[in-house]
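Observations on chain architecture
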Amino acid sequence: MITAEDMVRAALQAASAPGADVPIGAVVFAPDGSILAQACNAREALGDPTAHAEVLALRAAAAKYGDGWRLDGCTLAVTLEPCTMCAGALVLARISRLVFGAWEPKTGAVGSLWDVVRDRRLNHRPEVQGGVLEDECAELLERFFRTQR
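Numbers given to residues run from 1 along each chain, matching the order in which its sequence is written. Local features are withheld for residues below a pLDDT of 70 in this predicted model, meaning they are given only at 70 or higher, and side-chain atom pairs are given and counted only at 80 or more; totals for whole chains, interfaces and linings count all residues. With hydrogens and water set aside, each side-chain value is computed from the structure's full complement of heavy atoms.

An unreviewed UniProt entry annotates the chain as tRNA-specific adenosine deaminase originating from Lentzea xinjiangensis. UniProt positions are given in the numbering used here, feature names are shortened, and annotations may be inferred rather than shown by experiment. We quote the UniProt Subunit (unreviewed entry) comment for the chain here in full: "Homodimer." Taken directly from UniProt, the Catalytic activity (unreviewed entry) text for the chain runs: "adenosine(34) in tRNA + H2O + H(+) = inosine(34) in tRNA + NH4(+)".

**As for the UniProt feature "binding site: Zn(2+)" (unreviewed entry) in the chain**
In this numbering, the UniProt entry assigns the feature "binding site: Zn(2+)" (unreviewed entry) to His52, Cys83 and Cys86. For the residues just named, distributed over 35 residues, the greatest C-alpha separation is only 9.4 Å, placing them together at one site. The annotated residues named above include His52 and Cys83 as those lining the largest pocket. For every residue, the accessible area (1.4 Å probe, protein chains only) is compared with the maximum for its type, and the residue is labelled buried under 20%, exposed over 50%, or partly exposed between those bounds. Take Cys83: its relative accessible area is 17%, and that puts it in the buried class. Excluding its chain neighbours within four sequence positions, the residues that come into contact with Cys83 are His52, Thr107 and Ala109. For the purposes of this entry, the term helix denotes a DSSP run of H or I that reaches at least four residues, the term strand denotes a run of E that reaches at least two, and both are numbered from the N terminus. By secondary structure assignment, the location of Cys86 is in helix α4 (residues 84–92). Contacts are assigned to residue pairs that have any heavy atoms within 4.5 Å of one another. The residues touching Cys86, leaving out its near neighbours within four places in the chain, are His52, Glu54 and Val55. Cavities and pockets are defined on a 1 Å grid built over the protein atoms alone: a cavity is a set of grid points where a 1.4 Å probe fits but cannot escape, while a pocket is an open set with protein on both sides within 12 Å along at least five of seven lines, and lining residues are those with an atom within 4 Å of any such point.

**Looking at the pairing of strand β2 (residues 35–40)**
Where a strand is regular, its side chains alternate between the two sheet faces. Here, a strand pair is defined by DSSP locating no fewer than two bridges between the strands. Across 5 bridges, the pairing between strand β1 (residues 25–29) and β2 is antiparallel. Its bridge partner lying in β2, Gly25 is registered against Cys40. Joining the antiparallel neighbours β1 and β2 is a turn of 5 residues, in which Gly33 adopts a positive phi near 90 degrees.

**A short note on unusual backbone geometry**
Positive phi values are uncommon outside glycine, yet Arg94 reaches one of about 65 degrees. Notably, Leu133 is not glycine yet its phi reads approximately 55 degrees, a positive angle. Within the secondary structure, Leu133 sits in the loop between β5 (127–129) and α5 (134–148). Residue classification places Leu133 among the buried residues on the basis of a relative accessible area of 16%.

Structure (structure tokens):
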């Protein structure tokens, strides 16, 4: 059985793709634990403000699984707490479970700044597990930003 740590390790691997973007990785797992899709941030590479790792992974997974957009039973693993756009996207995709690494106090929308995924006004609320391999995920980002300054 695949663990939350295994899932975040896969997201860390996706985040390690070379490029100029902030190294954030996302992986969508099918209900059986197999990988449906993985992505890293590609805003700079694609010139697209919506090209966050989560959105790209959700799009790719939806093309392979379910009815074209519903990802019922699937898990999204991410190296960083999703922002409001990504939190909204995973709710709309009907992701059943979200597992993420580092918390993002400035823009996090899964408990830090906002809590989009647990808003009772929405018709879908995934299970959430944050802080998985938090130090490793935070270190990847810290290393990236040290080289930028």
